[in-house]
Amino acid sequence: MEDLKHQNELILKKRAEILARKTEEQNAEKLYEIIAFKVGDEKFGIECEYVLEISRNSVSRIPMTPDYIAGIANIRGKIVDVVKLDKLLGIDVSEKTDMLLTISGNELEFACRVNEVFGIREISQADIQEKPNASDILDRRGWLKAVTIDGVQVIDGAKALTDMSLIVDEAV
């Protein structure tokens, strides 16, 4: 728990340092800032504006839900749905994790199980592949925003958070 708290403090400190040294030139070059993370062996990122927090929480399973729904978690007193990105995107994951990346937007709020968080990255046009070589993992759902030259698949947060297929509304 201390490790995660320390990691969150480092992320916030890094974000503050980045914001403190921005110039108009940097703003013109930079496209966006992402939180980079790993699910299985795949590297992903999502724009910081969609990330609420990174936490370690236990997840309570909900019966009769799709296999990509891990359950629910109590995050700071709020009940949040937890999505298994590995199942949703068809990624093989050998190790179970309790690390959750909570994202939020106009339509939806949910947490995703992630194996590792790398931190904040600024993405510029020079970092983007012109013709991505990455698999179509995110493209199948229409969530692919970009792929960096080092293979980080950037999730289009707006599209992910308006994907109504993530809403389970079935009567039991």
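Each remark here, short or long, concerns the structure printed above.
In short, a report on the structure. (Residues numbered from 1 in each chain as written. Predicted model: local features only at pLDDT ≥ 70, side-chain atom pairs only at ≥ 80, totals over all residues. Heavy atoms only, no water.)

### Here we look at the overall build of the protein chain
Just so we agree on the cut-off: Secondary structure elements are taken from DSSP: a helix is a run of H or I of four residues or more, a strand is a run of E of two residues or more, and numbering for both begins at the N terminus. Throughout this description, buried means an accessible area under 20% of the type-specific maximum (1.4 Å probe, protein chains only), exposed means over 50%, and partly exposed covers the range between. Note on areas: Shrake-Rupley, 1.4 Å probe, and residue coverage restricted to the protein chains presented here.
Looking only at helices and strands, the protein chain features four helices and 10 strands. Its helices and strands in sequence order give the protein chain the pattern α-α-β-β-β-β-β-α-β-β-β-β-β-α, from N to C terminus. Among the 172 residues that make up the protein chain, the fraction classed as buried is 45%. Of the roughly 9900 Å² of accessible surface on the protein chain, a fraction of 47% belongs to carbon and sulfur atoms.

### Structural notes on the sheet that holds strand E6 (residues 99-104)
Put simply, the rule is: A pair of strands counts as paired when DSSP detects no fewer than two bridges linking them. Only C-alpha atoms enter the line fits that serve as axes; for helices the fit covers just the stretch in contact. Angles between N-to-C directions range over 0 to 180 degrees.
Pairing in this open sheet of five strands is mixed, and the strands run E3-E6-E7-E5-E4 from one edge to the other. If you trace the sheet from one side to the other, it starts and ends with strand E3 (51-56) and strand E4 (69-75), each paired once. Taken pair by pair, the neighbouring strands of this sheet meet at an average axis angle of 30°, ignoring direction. Bridge count between E6 and strand E7 (residues 109-113): five bridges; the pairing is antiparallel. In the sheet register, Ile103 faces E7, and the bridge partner there is Phe110.

### Focus on the sheet that holds strand E10 (residues 153-155)
Pairing is mixed across the open sheet formed by five strands, whose spatial order is E8-E1-E2-E10-E9. Either end of the sheet is taken by a strand with one partner, and the two such strands are strand E8 (116-124) and strand E9 (144-147). In this sheet, neighbouring strand axes are inclined to one another by 30° on average, regardless of whether the strands run parallel or antiparallel. Pairing geometry for strand E1 (residues 30-39) and E8, over eight bridges, is antiparallel. Paired with Lys38 across the bridge in E8 is Glu116.

### Comments concerning the nonpolar core
Operational definition: In these notes, a set of buried Ala, Val, Leu, Ile, Met, Phe, Trp, Tyr and Cys residues joined through side-chain atoms within 4.5 Å is what counts as a nonpolar core. Here, residues are in contact when the closest pair of their heavy atoms is within 4.5 Å.
Judged by nonpolar contacts, the single largest core of 35 residues is most densely connected at Ile35, Phe37, Phe44 and Leu101. Mapped by element, the contributors of at least two residues to this core are helix H1 (2-20), E1, strand E2 (42-47), E3, helix H3 (85-89), E6, E7 and E8. Setting aside residues up to four positions removed in sequence, Phe37 forms contacts with Glu42, Lys43, Phe44, Gly45, Ile46, Leu85, Leu101, Val114, Glu116, Val117, Phe118 and Ile155.

### Here we look at the environment of Cys48
Note on placement: Cys48 falls in the loop between E2 and E3. For the pair Cys48 and Arg121, spaced 73 residues apart in the sequence, the C-alpha separation amounts to 9.2 Å. In contact with Cys48, not counting residues within four places along its chain, are Arg15, Glu33, Ile34, Ile35 and Ile120.

### As for H1
Stated precisely, the cut-off is as follows: Expected helix span is taken as 1.5 Å per residue step, with the number of steps being one fewer than the number of residues. This arc is built from the directions going out from the helix axis to the C-beta atoms.
With 19 residues, H1 ought to run about 27 Å at 1.5 Å a step, and its terminal C-alpha atoms sit 27 Å apart, in line with that. Among the residues of H1, those classed as buried are Leu4, Gln7, Ile11 and Ile18. End-on, the buried residues of H1 take up no more than an arc of 60°, which puts them together on one face. Turned more than 90 degrees from where H1 packs its buried face, Glu2, Leu12, Lys13 and Ala20 sit exposed. Contacts made by the buried residues of H1 are with E1, E3, E6 and E8.

### A few points about the pairing of strand E5 (residues 78-83)
In this sheet, E5 lies alongside E4 in antiparallel orientation, the contact comprising six bridges. Across the sheet, residue Gly71 finds its bridge partner in E5, namely Val82. The hairpin turn running from E4 into E5, its antiparallel successor, is two residues long, and Arg76 in that turn takes a positive phi close to 55°. Pairing between E5 and E7: three bridges, direction parallel. Of the residues in E7, the one forming a bridge with Val82 is Ala111.

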